[in-house]
Amino acid sequence: MDLEAFRALMTPEGRTALAEAVRVTGEGLNPVAAATRLRRSYEPALTSAALTQAALRRRAEAKFGVDAALMYFTPHGLEQATRTEVAAHRARRVAAAVPDGAGATPAIGTAGPRVLDVCCGIGGDLIALTRAGCAVDAVDLDPLTAEVARANAAALDLSHLATARTADAADTDPSAYDVLFADPARRGARGRVFDPMAYSPTWPVTLELASRAPAACLKVAPGIPYELVPEGAEAEWVSYKGEVKEAAIWLGGLARVPEPSAAVPGSGFARRATLLPSGETLVPTGAEAGVGSVARYLYEPDGAAVRAHLVAEVADMVGGHLIDPRIAYITGDALVRTPWAAAYEVHEVMPFSLKALRAALRKRGVGNATIKKRGSAVDIDQLSRNLRLSGDNSATIVLTRIAERPYAFICQPV
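These lines cover the structure that appears in this document, whether it is placed above or below.

Rules and cut-offs
- Residues numbered from 1 in each chain as written.
- Predicted model: local features only at pLDDT ≥ 70, side-chain atom pairs only at ≥ 80, totals over all residues.
- Heavy atoms only, no water.
- Helix = DSSP H or I, 4+ residues; strand = E, 2+ residues; numbered from the N terminus.
- Buried < 20%, exposed > 50% of the residue type's maximum accessible area, 1.4 Å probe, protein only.
- Contact = heavy atoms within 4.5 Å.
- Arc of directions from axis to C-beta.
- Polar contact = N/O pair within 3.5 Å; in protein donor to acceptor, adjacent residues only side chain to side chain.
- Core = buried A, V, L, I, M, F, W, Y, C linked by side-chain atoms within 4.5 Å.
- Pairing = 2+ DSSP bridges.
- Axes fitted to C-alpha atoms, helices over the stretch in contact; angles between N-to-C directions.
- Phe/Tyr/Trp six-rings, centres within 6.5 Å; stacked < 30°, edge-to-face > 60°.
- Lys NZ or Arg CZ within 6 Å of the ring centre and 35° of its normal.

### Overview of the environment of A328
Here is step 1: Within the secondary structure, A328 sits in the loop between strand 13 (321-322) and strand 14 (330-332).
Here is step 2: Judged by its relative accessible area of 14%, A328 is buried.
Here is step 3: Distance from A328 to E300, taken between C-alpha atoms, is 7.2 Å for residues 28 residues apart in sequence.
Here is step 4: Those residues in contact with A328, other than ones at most four positions away along the chain, are Y299, P301, V306, V311 and R374.

Pasting the structure below:
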């Protein structure tokens, strides 16, 4: 879909075509039949744009809920967009933390800060920020993407608090706003980009922009290397229903610096893990996790705690210890329930051997197994095929490494 095709969707005829596309695809027609029906009334280009948008709206329901039925998307924009609950979490923090005496005056009719949203994409964060009370000036380098963001603000009746325009993030002036929000593009011509130096704009350019703002929030991939997080920042890893979604780098007036007792010597920045939808958060406490043998229960820390290097804090919560100093599995004799870790009862521990593992599972009548691994080079899909399981029982198989030796645990989730 190009800019011309999207603008055609904004016309009265285009809106009617889109409504019909949503209806016919909702009836379960296959793509060929749906296209044939729409082409009786609309030009092929408009038919294609309407059907594409209808399909994107269905996919977007997982991230945007009921809003998806009113919104507009591009394929890449939808893929990179933050799900509503995570964006709202960040937006509440931005709206509640206007730097004193810095930045611009809030827009007329609002009590929240003025936010410059660069690389705004299709407007997922723009929506969350405006709903939190911020006045948002959003920019994106791609004209189609900027127009989609503008259309979404209008569709959700947020245009009084938000603008969206085509501009290069590097040409903006963050000092004219209270807060800079940046979501550098992490997709290239060959797909997803993992190296922050290949973001668009690149990580150094993004940090330079942030340095000129009174406060900033930078959305990044969860795997950002520690050495790229600026000194004095706060890095927050966010997990939604057990899945790590992103990291946010908070700078300036938005960074929460921990108490000296909770600071990590030599880290240079504060760390935090947050669970959504509960909003529960975890910061360094200075806890240290010992290493010992496998006990009755095995704990798998939430990915946000692992990314934030807060596994020792989780071990302290459950009164456990690590099974290997470099592997994020915790074990203990007591069952302690916490949202920060999934618990498994350990039934058998063995050095990894396909033959031995297969025999043990057959003896237990395991026909359905969930396989997890950390620190193991075993191909899970291949192992699943090679086990040739049969039986009525289920189990969780944990593959890991203890002192450089591969092990397998047969467990049951608690």
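### So, the environment of T145
Here is step 1: Residue placement: T145 occurs in helix 8 (residues 143-155).
Here is step 2: Sequence separation of T145 and A185 is 40 residues, and the distance between their C-alpha atoms is 12 Å.

### Side note on unusual backbone geometry
Here is step 1: The residue after S200, namely P201, is reached through a cis peptide bond having omega 0 degrees.
Here is step 2: The step from L276 to P277 runs through a cis peptide bond, and the omega angle for that step is 15 degrees.
Here is step 3: As for its position among the elements, P277 is in the loop between strand 10 (270-276) and strand 11 (281-282).
Here is step 4: The phi dihedral of D157 is positive, around 60 degrees, even though this residue is not glycine.
Here is step 5: The backbone of H309 shows a phi angle near 55 degrees, a positive value even though the residue is not glycine.
Here is step 6: Along the chain, H309 turns up in the loop between helix 10 (303-307) and helix 11 (311-318).

### A look at helix 3 (residues 31-38)
Residue pairs three or four apart in sequence face the same way in an α-helix, which turns once every 3.6 residues.
Here is step 1: Restricting attention to buried positions, one finds in helix 3 the residues A34, A35 and L38. Along the axis of helix 3, the buried positions cluster into a sector of 95 degrees, meaning they face one direction only.
Here is step 2: You can read the cap of helix 3 off the contacts: a side-chain oxygen lies 3.1 Å from the backbone nitrogen of V32, and it is on N30.

### A look at the nonpolar core
A general feature of soluble globular proteins is that nonpolar side chains tend to end up buried together.
Here is step 1: Ranked by internal contacts, the top residues of the largest apolar core, which has 56 residues, are F64, F73, V94, V115 and L129.
Here is step 2: Tallying contributions element by element places helix 4 (residues 44-64) first for this core, with eight residues.
Here is step 3: In this view, F73 contacts M1, Q53, L56, R57, A60, F64, A68, L78, I122 and V148; residues no more than four positions away in its chain are not counted.
Here is step 4: With 48 residues, the next largest nonpolar core counts V193, L275, A304 and V318 among its residues.

### Here we look at the sheet that holds strand 15 (residues 341-351)
Here is step 1: The seven strands lie next to each other as 13-14-12-15-18-17-16, forming an open sheet whose pairing is mixed. The sheet is open, and its two borders are formed by strand 13 and strand 16 (366-373), each paired with just one other strand.
Here is step 2: By the bridge criterion, seven bridges tie strand 15 to strand 18 (residues 405-413) in an arrangement that is antiparallel. If you follow P351 over to strand 18, its bridge partner there is Y407.
Here is step 3: The sheet contacts of helix 11 involve strand 12 (297-301), strand 13, strand 14 and strand 15, and relative to strand 14 the element is tilted by about 15 degrees.
Here is step 4: Where helix 13 (residues 380-387) meets the sheet, it contacts strand 16 and strand 17 (393-402), and its direction lies at approximately 160 degrees from that of strand 16.

### Some words on the packing of aromatic side chains
Here is step 1: All told, the structure shown has four aromatic pairs when counted by the stated rule.
Here is step 2: Ring centres of Y226 and F269 lie 5.1 Å apart, and the angle between their planes is 75 degrees; this geometry places the pair in the edge-to-face category. Note that Y226 is positioned in the loop between strand 7 (215-220) and strand 8 (234-240) and F269 in the loop between strand 9 (243-252) and strand 10, a separation of 43 residues in sequence.
Here is step 3: Ring pairs connect the aromatic residues Y226, W237 and F269, which therefore count as one cluster.
Here is step 4: Residue placement shows R57 over the ring face of Y72; its charged tip is 4.9 Å from the ring centre.
Here is step 5: When the ring centre of W250 is taken as origin, the NZ or CZ atom of R93, which lies over that ring, is 4.0 Å away.

### Structural notes on helix 11
Here is step 1: Most of helix 11 is tucked away, with six of its eight residues classed as buried.
Here is step 2: Restricting attention to buried positions, one finds in helix 11 the residues V311, A312, E313, V314, A315 and V318.
Here is step 3: As for helix 11, its buried residues are in contact with strand 11, strand 12, helix 10, strand 13, strand 14 and strand 15.
Here is step 4: After helix 11 finishes, the residue G319 shows a positive phi value of roughly 65 degrees.

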